[in-house]
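Notes for the structure review
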Amino acid sequence: MKDLEGQVAIVTGAGQGVGAAIAERLAAAGAHLALVDRQENLVREVAGKIAEDHGHEARHYTCDVRDRAALADVIKDAATMTGRIDVLVNNAGRWISGPFVDSAPLDWEEQIDTNFGAVLTLTQLIVQRHQAGWPQAHIAAAMGVSRKCVKTWIDRYDDEGDAGLVTRSSR
């Protein structure tokens with residue numbers, strides 16, 4: 001994977017599964033991490049393991065990605081590691097369980113706000129900081145993809161030094 005030594009990456013949905021795996025790969029490439037999840041015990045455990053295994057700073061934040069103020073606080077605190085955010089991985093996701101016909105409008109709102117609204121919110125907050133003088137960042141939306149898709153994305157990143165089609169520059 002591309003050398004990320006000294007860079008800061010925010011990963012949402014980092015307490016388990018794909019988010020934790022992405023965080024692990026970013027740490028292995030040298031990144032400092034800001035890990036976000038709603039489940040404090042899970043995200044704390046992932047951050048501790050990464051810090052122990054890689055010796056890089058791995059901060060954890062417990063918040064709901066639908067909370068714009070909480071996300072702004074995460075960015076503000078995470079930026080104190082190096083003065084900027086270099087990588088944003090929007091991985092948090094929520095899924096309606098059970099048949100669609102049995103779901104309620106509140107379920108749809110929570111899913112849309114988590115899977116789409118949080119991506120827009122975090123991306124906007126990061127881009128605003130970059131327009132104010134931070135260097136370019138890499139932004140990816142990984143929520144809703146399979147582990148195989150993420151592995152393919154990471155392998156492509158390894159081989160080509162970029163994040164393929166799922167990453168867009170903030171500038």
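So, here is what we can say about the structure in this document. (Residues numbered from 1 in each chain as written. Predicted model: local features only at pLDDT ≥ 70, side-chain atom pairs only at ≥ 80, totals over all residues. Heavy atoms only, no water.)

Another aspect to go through is the packing of aromatic side chains. Going through the model one piece at a time under the given rule, you end up with one aromatic pair. For the ring pair F100 and W108, a centre distance of 5.7 Å and an interplane angle of 15° mean the geometry is stacked. A relative accessible area of 59% places F100 in the exposed class. On the basis of relative accessible area, W108 is assigned to the partly exposed category, the value being 34%. (Phe/Tyr/Trp six-rings, centres within 6.5 Å; stacked < 30°, edge-to-face > 60°. Buried < 20%, exposed > 50% of the residue type's maximum accessible area, 1.4 Å probe, protein only.)

On to the nonpolar core, then. In this structure, I10, V36, I75, I85 and I126 are the most contacted members of the largest nonpolar core, which totals 24 residues. For this core, the secondary structure elements donating two or more residues are β1 (8-12), β2 (32-37), α3 (68-78) and α4 (105-131). Ignoring any residue separated from it by four or fewer positions in sequence, one finds V36 in contact with I10, V11, T12, G13, A14, V43, Y61, C63, V65 and V74. A23, L33, V43 and V46 belong to the second-largest nonpolar core, a separate cluster that totals 21 residues. (Core = buried A, V, L, I, M, F, W, Y, C linked by side-chain atoms within 4.5 Å. Helix = DSSP H or I, 4+ residues; strand = E, 2+ residues; numbered from the N terminus. Contact = heavy atoms within 4.5 Å.)

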